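Overview (structure and organization)
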2 protein chains.
Amino acid sequence: MKRADWFPLHPWIIRERGFDLGRLGWSESVFALSNGHLGLRGNLEEGEPVASPGTFLNSVYELRPLPYAEGGYGYPESGQSLINVTNGKVIRLLVDDEPFDLRYGEIIGHERRLDLRSGLVEREVEWCSPAGRRLLVRSTRIVSLCQRAVAAISFEVEPIDGDTRVVIQSELVANEAEPAPRAGDPRAAAALRAPLQGVFRTGTDLEAVLVHDVARSGLRVAVAMDHVITADGEVEIDSDLEPDLARTTVTAVVESGRRLRIVKILAYGWSSNRSVPAMRAQVEAARSAARATGWDGLLAEQRRFLDEYWRIADIEVDGDEEIQQALRFGLFQVLQATTRAERRPIPSKGLTGDGYDGHAFWDTEAFVLPVTSLTDPCATADALRWRHHTMPLAAARAGALGLEGAAFPWRTISGEECSGYWPAGTAAFHVNAAIADAVLRYVDATADTAFEADVGVELLVETARLWRSLGHLDREGRFHFHGVTGPDEYSAISDDNTYTNLMAQRNLIGAADAAERYPPVAARLGVDAEEIAAWRTCSNVYVPFDHELGVHPQAEGFTRHAAWPFDRTREDQYPLFRYFPYFELYRRQVTKQADLVLALHLRGDAFDPDQKRRDFEYYEAITVRDSSLSAATQAVVAAEVGHLDLAFAYLAETCLTDLRDLQANTHDGIHLAAAAGGWSAVVAGFGGLRHDAALLSFAPRLPPQLRRIRFGVYYRGRQVVVNVDDRQATYELAGGPPLELAHHGERFVLDGRVQRLVPAATPLPPPTQPMGRDPRRETG
Amino acid sequence: MKRADWFPLHPWIIRERGFDLGRLGWSESVFALSNGHLGLRGNLEEGEPVASPGTFLNSVYELRPLPYAEGGYGYPESGQSLINVTNGKVIRLLVDDEPFDLRYGEIIGHERRLDLRSGLVEREVEWCSPAGRRLLVRSTRIVSLCQRAVAAISFEVEPIDGDTRVVIQSELVANEAEPAPRAGDPRAAAALRAPLQGVFRTGTDLEAVLVHDVARSGLRVAVAMDHVITADGEVEIDSDLEPDLARTTVTAVVESGRRLRIVKILAYGWSSNRSVPAMRAQVEAARSAARATGWDGLLAEQRRFLDEYWRIADIEVDGDEEIQQALRFGLFQVLQATTRAERRPIPSKGLTGDGYDGHAFWDTEAFVLPVTSLTDPCATADALRWRHHTMPLAAARAGALGLEGAAFPWRTISGEECSGYWPAGTAAFHVNAAIADAVLRYVDATADTAFEADVGVELLVETARLWRSLGHLDREGRFHFHGVTGPDEYSAISDDNTYTNLMAQRNLIGAADAAERYPPVAARLGVDAEEIAAWRTCSNVYVPFDHELGVHPQAEGFTRHAAWPFDRTREDQYPLFRYFPYFELYRRQVTKQADLVLALHLRGDAFDPDQKRRDFEYYEAITVRDSSLSAATQAVVAAEVGHLDLAFAYLAETCLTDLRDLQANTHDGIHLAAAAGGWSAVVAGFGGLRHDAALLSFAPRLPPQLRRIRFGVYYRGRQVVVNVDDRQATYELAGGPPLELAHHGERFVLDGRVQRLVPAATPLPPPTQPMGRDPRRETG
C-alpha cells in the first residue's frame, strides 16, 4: 500500500494500523517520544523485533577514533557517537509459556497512535499466541515535557478467551545488542558495541537503580525504575539484579476479560563529574517526584503543557488534511527535540535516532531556531547558550586552524569538531554565520537584552573575528572568502560562495552594531574602535554576478561549470552522492540543496524582487534536493517570487519528509530541519513573515490548494495570530501591548484586530526541476 | 659536522667515513643497491642496528584496508604496500662469544664506499670487541645489473691481534621485525607486520631455498642462497632450516692476519601464479647461473654494463666537485631504479626504501622517463609498457568515475588506485597527461614505431578519451577542465589548471595525430574520423590569464587568492603541510612545487620568452619547494629565462637532495625524480636541450660557477655528445648517421664535430623566493 495509506488522516493523531516488519525502523522514529533531554525510540515494549533500539540522553556519547587513509594537519582524531543508554522501555510478556512476539502467533489487530495534543503514544494489540491464546495488550507511553528526567509506561494485559497465566518482566537493560549497521551508507551511525560499564546497582522487588560509566568518554548514566501494579487477583512479584540488567517479574493468572496493569516509572540522569552516590540520589529523587505526581498527574500536566504550546504555535490549514496532519507532526517534533534540551545541542535528528551519530549541525541554527524564536523563544535561548558554552573549544579550533575568534564545529555533540572530511566540514565556515544569524533573529524576536549582554554579543564578536581573519580585501576594497564550502554539499572549496559572503556580512555588521550598543561587554571582550571599524570595512563583501546570464552564481565561476547530465541520470541514481564521486558533483552545476536560494530567503534584503525570481528559477533547474534541508527554503522563496503552486508542492515535501519517508532513511531518525520547514513554508512562505529589521512584516498570499491558513507568533512580548484566506488577512493581538506590523509593505499598528486585503498574484509560467526531481509527496 | 663533510669529494665514489647511529636510516637509503627488480637497502650485514630493514622485489606488496572517517562513492577500499621480503643480506658474526655489533665495543675505523663505476658497495670496519679482540671486517655487495634475480656479498673477517674464534651465520630471514613506524608523518610507509607465510623450505649446509606467500595479496616469493668459503685452516659448517629462517653457520679459528671469507650468492623470484615447485626451480636456476658466472665474473660484467652506460649518459661539470659527485650519484639512482624494472612500475623512491608505500606516481613519467628516453631508452619503453599493461584497471577506474577512456591511478603498485585522499589523488588527472607526454617524448627520441603501434597509440587514445569526457566546451568553443588538481599539492580542485589544460591539449593533439598515422591501430581501438575531429576541437583549451598582473594564473582565479603570510611563517613550520591545514594552503597563493613553471618547461611552445620570464618570476616568489619535484624544473626554466645563478643554485638543490638529506626524509628512500632532475637541470637547463618537435635543439649557456659541461644523449639511433664552455659549444656525433640539430635557433647538420659560439647572456636582477626558502645546498 502507498505510504499515504499507512495513516488514516486525522488533524491531531498519527495512527498506524496493522504491523509491518519492513517498516519497523521507520515507525520507531515516527513514534519516538522525547523532551529534548531524554528520548525513547518507538521500540516495541516486548523488546523484539527491533530495527534499532534507542534510549537517548542528550549529550551522552562515546568517543571513537576517526581513521584516515591519508591524514593531514588539523584533522580531528576522535569522533563522538550518541549511544543507546540503559533501556527502560522493555516490558516482556509470557503468555502460558509463549513469549509475546509479533513474529509468531497471529496478529488480529495492531494499532499505534501518537496524539499530538496529549503527547502520548498508545498501542493496542490483539494477538493470538501460537498455542491459541487470545489476548489484548495495551500500552501508553509518555516522556514528560514537564519533568525532563521522567518517562512512564502503562502496560495492560487482558485475556479474552479464558483465564491465562501471564508473566510480565519489566526491565532495565544496558548494552543491548544492536542489529548490524547498514554498511556503505555514510549517514548511518557508526556502531558502538557495549560501551556501558556497570558501576552500581540496587533494587527491591518493584524498584531498581543502575549506574553505568561510558567506557571512553567517561560520562556516567543513571536510571531508576519503579512500578505500580493493578490487578484483580493475586500476583507474585520477583526481581533480578545484574550489572546490565534489573528486572521486576510479575506473575498472575488473569481471568478472561480482566486486566493486569503495570505502570512503570523511569527516571534518567547523567553527568560528566558527579559521583555514583550523587547520581543514584538524583534519579531516585526524580523518580520520587514522578511517583508523587502519579500517572494521571503526569498525563494531565503533559496535556496542559501542550495546550499552551498549541495555543500560539499551532498552524491551521484548510484544504489539505494530509498537510494539516504533517504540519502538526513537524511542530511536535520541533517541540520535543528542543523544549527541554536546556543548554545542550539539538541534534539534526532530535533524540529519535542515532543517524549522523547523533550530531548537531548548522541545521539547528539555520532551520530550527528561527522557528522556535517565534514559537518557543526559551528553547532558542537555551540552544544558543549551549553554543556559547562551547566557545573555548571553538576558539581553540580557530587557533589550530591559524584563525582568530571562534570556529564552531561542523558536527559535534560536546563542541569538538567531529567531521572527518574537511572539504565538507572544516571548510563549511558558514556554520558560524548561521549561529550569528540565529542570535540576531532571536534578539530581534525577543529584545532579550540580558541574553545579548550575557552571550549574544560575544557570539557575534567571536564569529566576526573569525570572518575578519578568514577573508582578505582586494585592491578595490572588496572582502573575499576563498576556498570555503557553502550550504550546497555538491560543491566544496569554492571562492566567494555568495551565501557565505552575505551571511558573513550580516555577522560582521551585527557584531559591530552589538559592540557599539554594549560598550561594557565590548570592553570585556577587548573590542576597540579599530576592530569595529575593521568589521565594517570587511563587511563590504564581494558578491559574484554572472552578467551574461543575469544571475548570481552560487560561488565565483559556478555558472561556468558544465551542466549535470540530468537526462542520463536514472531515478535510482539518487541521492547522487551514493552513485557518483564528489569529484564529479563538485565541478558541475548540480546543487544538492538550496544555497544561493537560501541567501534569497535569509538575506532577501540584498536582492531586488526581479533578481530573486531570476535567481530562483535558475537554481530550480539544477537543485536535486538530495538533502532534506532544501524543500522548505524553496517553498519560502517560490512563494515570495510568485510560484505559489510550486511553493505548495515544496510545503508538502518538507512536511511529509518523515511521514512518507521521502529520503528513505527515516529509520535513522526524523529530519528535524525538514519538520521545522513546514512551519517556515507556511509562515514565511504563504504568510510572508519576515523580521529582519526590527519590524514584523507579512506579505500573505495563498496557493490555490489552500482556502485558509492560521498561525501565531510570539514577538517582543506580544502574541500575534494571523488568519489568511484568499481575499484577506486578519491580524489579531492575542497578548501584549500594541505593535507596529507591515502587510505587503504597508505599515500599521496592531491593537485588537486588523484586516487587510491580499493583493492578487501575477501568474507566472512554472519553472522546471531536474528530470524526475519535481517535488514529492510520495515515496517512489 | 655539516653533512657536506660526511663524504669526501670524489668524482665517482660516495664514501662515508665513521659511523653515526643518528644517520643510519639515511645511509641505508644512500647505500642501497638495486637493479629495478631487486633492491637491497644499505643495511649492515650483521642485521643490527637497523633503521629500516629493506629487501624489495619490484611489485611484491601486501594489501591493506584504506579507512575513512567519512566514506564516499568511488573511494578505494584497499591499499598496497611494498613489503620487506626475505632478507638475504644478513651475515652475523660472533667473535670469541661477542656478537659483532657497532653499538658495543669500539669502532676504530668504519668506511663505506659506493663506487658508481663498479656498482658495488664496499665496507671496511676495524673493531675492537668489548672483550678487547681487534679485527677487520670487509664486505662487498653487488646487486647485479646483468642478472636481475641475483645479488651477492663477499664477507671477510681478519683478526689483527691474535688468533680468534669466529662464527659466521649467514641467513635468509623472513618477517623481520620493523622498528616502530614514524607516527604522524603521512609520508612514512604504513607498517605491515609479518605478511609472509612460509610454504616451502629446503637446504643443505651451504645452500637453502625459502618460499613464502604474501598473506592477503597472494603473491609468492622465493629466494635461494649459496656460499663459497675460503679459509686457510679448518672450518666447520652447520645449518638450520625453519619456515622463516635458513642459516649456514661457519665456525673457524682464524689466525691473526689471516682471513676467513664467504661469498654469498642470492637469487630472488616472485610470481602471482606460478607454483611452489616452479618458483623453487626458478631461483635455483638463477643461483646456478650466478654460481657459474662466479664472484669475479659478476663484478666484471657489472663493470662492463656501467662503462657502457656512462660512456654516453655521463655528465661532466668543471667548477664544482660536489655537484659533479651528486650528478653522477643521481644518474646512478636513475639507472638502478629503472634499467631492469622491465614492465613493472618505477616507484618514486626506486627500491631504496618503502616511503610512500613503495608507490609509483606521475613523477616517473614527468621527471624520470624524459631522462631515460635520451640515456637508456629501453627503460622508458618498459616503463610505459607497464602502464599499458594496467590499461584494463585504468579503464575500469574511468568507468567507475563515470568517464571514458583510461584514468590511471595517482599512486599504485599493481595498477589499482591506492590514493585515500581524492582531492590530491583522483582529482589529479594530469597523471594521464604525463603518461601521454612520456609516450610522445619517447617516440620523438627513438622513432620506435613498433612501440607506437603496439602500445603508444593506445595510451594516447585512451587518455585522450578521458580528457574529452572530462572537459566541456563553453559558448566560445574553448575547452575547460573544472574541479581538477594540478601538480602543485598546495592547491586542489581548481578550475582550468593551466598546466593540466596545456598538457591535455598536447595529449589530445598527440592522439589525433597518432590515430591518423596508424589507421589499423585506430581501427582496432574503434577510433573514427568523428572522434579524431572531436579531439582536435577539444584541444582548443582555455588558458587563463590575469591581464591586470600580466601573468598566467596557475588556475582560474589563483592570482586573486590572498597572499601566504611568509613573513610570519617560521623556518620550523616547513614543510607547511605538516603545520597548516590544507584548507589554508589551498586558498592562498603559495605553491608547494613547480606547476605553472612546469608548464613553462614542458609546454614551452605555448609561451613567448618575455611571458616565460614574467611568469617564472611571479611564481618564484610564492614557491616554497616543500616537494622535491620542484627545484629541477625551476633550474631548467631559470636557465632558459636568463637567471643563470639561480638555475645553478637549483641544480645544486635537486642533485644534493639525498646526499645532503635536504627534505629530511631520505631515510624513507631516495627521491628519484630529484635525482633525475640533476640531469635535467644541466642538460635541459644549461644545455637548453629540447626535442618537442622532431628536432633536437640546444641553447647552451653556462652559469658563472661552471667552466665546462659535457653530456651525451641517444637520439633516433645517434649518439650525440655536447661539450659547452663559456665561449662555445662543441657537438660531436659519437655514433649513427648525420642528424639535423639546432643551436640557439640556428639549424645545422651534425656529422663529425661542429662548434658554435655561445651568445652572451643579458644580466637580470635576481628574482626573490619566499622568506627563508631560497635554494639550499645544506640541511639547516
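Read on for an overview of the structure. Counting starts from 1 at the beginning of each chain's written sequence and moves along it residue by residue. Throughout, the order in which chains and ligands are written sets their labels, letters from A for the former and numbers from 1 for the latter. Local features in this predicted model are restricted to residues whose pLDDT is 70 or higher, and side-chain atom pairs enter the listing and the counts only when it is 80 or higher, whereas totals over whole chains, interfaces and linings include all residues. Only hydrogens and water are removed before side-chain values are computed, so all heavy atoms of the structure are retained for them.

1. Let's talk about unusual backbone geometry
Glycine aside, the phi torsion of most residues is negative, and most peptide linkages are trans. Residues and elements named next belong to chain B. Put simply, the rule reads: Comment: elements are numbered from the N terminus, with helices defined as DSSP H or I runs of at least four residues and strands as E runs of at least two. Throughout this description, buried means an accessible area under 20% of the type-specific maximum (1.4 Å probe, protein chains only), exposed means over 50%, and partly exposed covers the range between.
With an omega of -5°, the peptide bond running from Glu48 to Pro49 counts as cis. Note on placement: Pro49 falls in the loop between strand S3 (38-40) and strand S4 (55-57). Residue Tyr574 is joined to Pro575 through a cis peptide bond whose omega torsion reads -5°. Considering the arrangement of structural elements, one finds Pro575 in the loop between strand S23 (562-563) and helix H12 (582-586). In this model, Ile493 sits at a positive phi of 55°, which is unusual for a non-glycine residue. Residue placement: Ile493 occurs in the loop between strand S22 (479-480) and helix H9 (498-517). By relative accessible area, Ile493 is classed as buried at 9%. Even without being a glycine, Asp496 presents a positive backbone phi close to 55°. The residue Asp496 is located in the loop between S22 and H9 in this model. Taking the relative accessible area as the measure of exposure, Asp496 reaches 1% and is therefore buried.

2. Looking at the interface of chain A and chain B
Accessible area lost when the parts come together is the quantity often used to give the size of an interface. Short version of the rule: We call two residues in contact whenever any of their non-hydrogen atoms come within 4.5 Å of each other. Accessible area that two parts lose when put together, with a 1.4 Å probe and added across both, is what the buried area reports. Whenever Lys or Arg places a side-chain nitrogen within 4 Å of a carboxyl oxygen from Asp or Glu, that contact is recorded as a salt bridge. We define a polar contact as two N or O atoms separated by no more than 3.5 Å, with the added condition that, inside protein, one atom must be a possible hydrogen donor and the other a possible acceptor, whereas residues neighbouring each other in sequence contribute only through side-chain atom pairs.
With 47 residues of chain A in contact, the opposing surface of chain B contributes 47 residues. Taken together, the two surfaces of chain A and chain B that pack against each other cover about 4,000 Å², and 56% of this comes from carbon and sulfur. Its largest share of buried area at the contact with chain B, chain A owes to Glu70, Tyr73 and Phe583 of chain A, together 17% of the area lost on that side. At the junction of chain A and chain B, the tally comes to six salt bridges. If you look at where chain A meets chain B, you find 20 residue pairs in polar contact (both at pLDDT 80 or more). At the level of secondary structure, the elements contributing two or more residues to the side of chain A that touches chain B comprise helix H8 (449-470) and helix H12 (582-586) of chain A. In terms of residues, the side of chain A that touches chain B owes the most to one element, H12 of chain A, which gives four residues.

3. As for the pairing of strand S7 (residues 91-95) of chain A
All names here are of chain A. Worth spelling out the cut-off: Only strands joined by at least two bridges in the DSSP assignment are considered to pair.
Burial along S7 is one-sided: the residues Ile91, Leu93 and Val95 are buried and none of Arg92 and Leu94 is. Looking at chain direction, S7 and strand S13 (residues 164-173) are connected through five bridges and run antiparallel. Among the inter-strand pairings, Ile91 is bridged to a residue of S13, identified as Ser170. The pairing of S7 with strand S8 (residues 98-99) spans two bridges and is classified as antiparallel. By the bridge assignment, Val95 is partnered in S8 with Glu98. In textbook terms, the turn of a hairpin is the stretch between consecutive antiparallel strands, and for S7 and S8 this stretch comprises two residues, one of which, Asp96, has a positive phi near 45°.

4. Things to note about the packing of helix H2 (residues 276-313) of chain A against helix H3 (residues 321-338) of chain A
Residues and elements named next belong to chain A. Definition in use: Axes here refer to lines fitted to C-alpha atoms; in helices the fit is confined to the stretch in contact. Angles between the N-to-C directions go from 0 to 180 degrees. The cut-offs work like this: below 35 degrees is roughly parallel, past 145 is roughly antiparallel, 65 to 115 is roughly perpendicular, and the gaps in between are oblique. Two helices that cross are described as forming a left-handed crossing if the nearer one is turned anticlockwise from the farther one by less than a right angle, and a right-handed crossing if clockwise. For this classification, Asp, Glu, Lys and Arg are treated as charged, while Ala, Val, Leu, Ile, Met, Phe, Trp, Tyr, Cys and Pro are nonpolar and the rest, including Gly, are polar.
At a closest axis distance of 12 Å, the pairing of H2 and H3 adopts a crossing angle of 120°. Between H2 and H3, the crossing angle belongs to the class labelled oblique. The way H2 lies across H3 gives a crossing that is right-handed. Counting all contacts with H2, which are made through Phe305, Leu306, Tyr309, Trp310 and Ala313, the residues of H3 involved are Arg328, Leu331, Phe332 and Leu335. Across the contact of H2 with H3, the residue classes tally to eight nonpolar, no polar and one charged.

5. Brief notes about helix H17 (residues 672-686) of chain A
Residue and element names in this part refer to chain A. Stated precisely, the cut-off is as follows: To estimate the expected span of a helix, subtract one from its residue number and multiply by 1.5 Å. To get the bend at a residue, fit one axis to the 7 residues ending there and another to the 7 starting there, then take the angle between the axes.
An ideal rise of 1.5 Å per residue puts 21 Å on 15 residues; H17 measures up with 21 Å between its terminal C-alpha atoms. Maximum bend of H17: about 30°, positioned at Ser680. Taken across its 15 residues, H17 has 15 buried, putting it largely inside the fold.

6. Overview of the relation of the copies chain A and chain B
As a reminder, the rule being used: Least squares is the method for superposing the copies, and the C-alpha atoms it fits come from residues with pLDDT of at least 70 in both.
With an axial shift of 0.0 Å and an RMSD of 0.0 Å, the rotation relating chain A to chain B amounts to 180°. Here the copies are linked by what is in effect a two-fold axis. Relative to the rotation axis, the C-alpha of Tyr68 of chain A is the closest in chain A, positioned 2.4 Å from it.

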